[in-house]
Amino acid sequence: MALAKLRFAALQDAGRLTAVLAPYARDSVAVWASGAPTRAQLAQHMEALGRAGLPVLVAEDPSGLLGFAFAEPFAVRRGALWSAQVQAYLAPDERRRGIGSALVNAVCDLLSAQGYCACYACVSHPHPESEAFFAALGFAEQARLPAAGFKLGLWLDLSICERPLRARTARPVPPMAVGALDGAYVRGVFARRAKDIR
């Protein structure tokens, strides 16, 4: 079996990422959107994340794109500058291979090196698969907003789950952009986390 690899996403990936995201947006309560973004909309979002210095990663092997994950600001106010939110999506039939875990762990590794103190996941409840996935990766529920959303005929709670990344200090330095990280460190993260993919 050919080994999978992790890398930064490129704008040219936007079409494939849109195809991965579409079933979640259309058919799952894991995503509260009522429809999938267009390729142009997703490319625009990727550009915005790039300008914010946040990582957008893909996992792929010779068969194609396996999944992707990205970090985005947890809140827009400057006081939340040291917190990020992660999302991850897998291509159909690529679950249970460690791809999602590899992607989320790699995003968290990079965020920690950038200077982020916490990574959050906003998880639909009930959605046992997502809840178990993030719990296994060290995300602990810190709050639950009852009936915060409605999709596919269901009122859904929203669980706010946190994974600590580094100690909070009295004088925190603003996080650096992911592109400013040492290249050897980034390559090491990608190689180490890719080994978790079966």
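Here the residue index of a chain counts from 1 through its sequence in written order. Local features in a predicted model are, by the rule used here, given only for residues with pLDDT of at least 70; side-chain atom pairs are given and counted only at 80 or more, and totals for whole chains, interfaces and linings are based on all residues. Computation of side-chain values: all heavy atoms of the structure, hydrogens and water removed.

K.L.:
I'm lost on the overall build of the chain in this one. Help?
P.N.:
On a plain count of helices and strands, the chain comes out with five helices and seven strands. Reading the helices (α) and strands (β) of the chain from amino to carboxyl end gives β-α-α-β-β-β-α-β-α-β-β-α. Taken over C-alpha atoms, the radius of gyration comes to 16 Å for the chain, in line with the 16 Å a tight globule of 198 residues would show. Taken along its principal axes, the extent of the C-alpha atoms in the chain is 45 × 45 × 30 Å. Across the 198 residues that make up the chain, the buried fraction comes to 49%. Accessible surface area values rest on a Shrake-Rupley calculation with a 1.4 Å probe, where residue burial reflects the displayed protein chains alone. Within the structure as shown, the chain displays about 10,200 Å² of accessible surface, and the carbon and sulfur contribution to it stands at 57%. All tallies of charge rest on Lys and Arg as positive and Asp and Glu as negative; His and the ends of each chain are not included. In plain terms, the charge of a residue is placed at NZ if it is Lys, CZ if Arg, CG if Asp and CD if Glu. For the chain, the distance from the average site of its 22 positive side-chain charges to the average site of its 16 negative ones is 6 Å. Strands here are runs of E lasting at least two residues and helices are runs of H or I lasting at least four, both read from the DSSP assignment and numbered beginning at the N terminus. Taken over C-alpha atoms, the radius of gyration is set against a globule rule of 2.2 Å times the number of residues to the power 0.38. Exposure is judged per residue with a 1.4 Å probe applied to protein chains only, and the accessible area is read against the type maximum: over 50% gives exposed, under 20% gives buried, and values in between give partly exposed.

K.L.:
I tried to follow the environment of Leu49 on my own but got confused; where do I start?
P.N.:
You can see Leu49 is positioned in helix 2 (residues 39–51). For the pair Leu49 and Glu72, spaced 23 residues apart in sequence, the C-alpha separation works out to 6.5 Å.

Keep in mind these numbers describe shape, not what the thing actually does.
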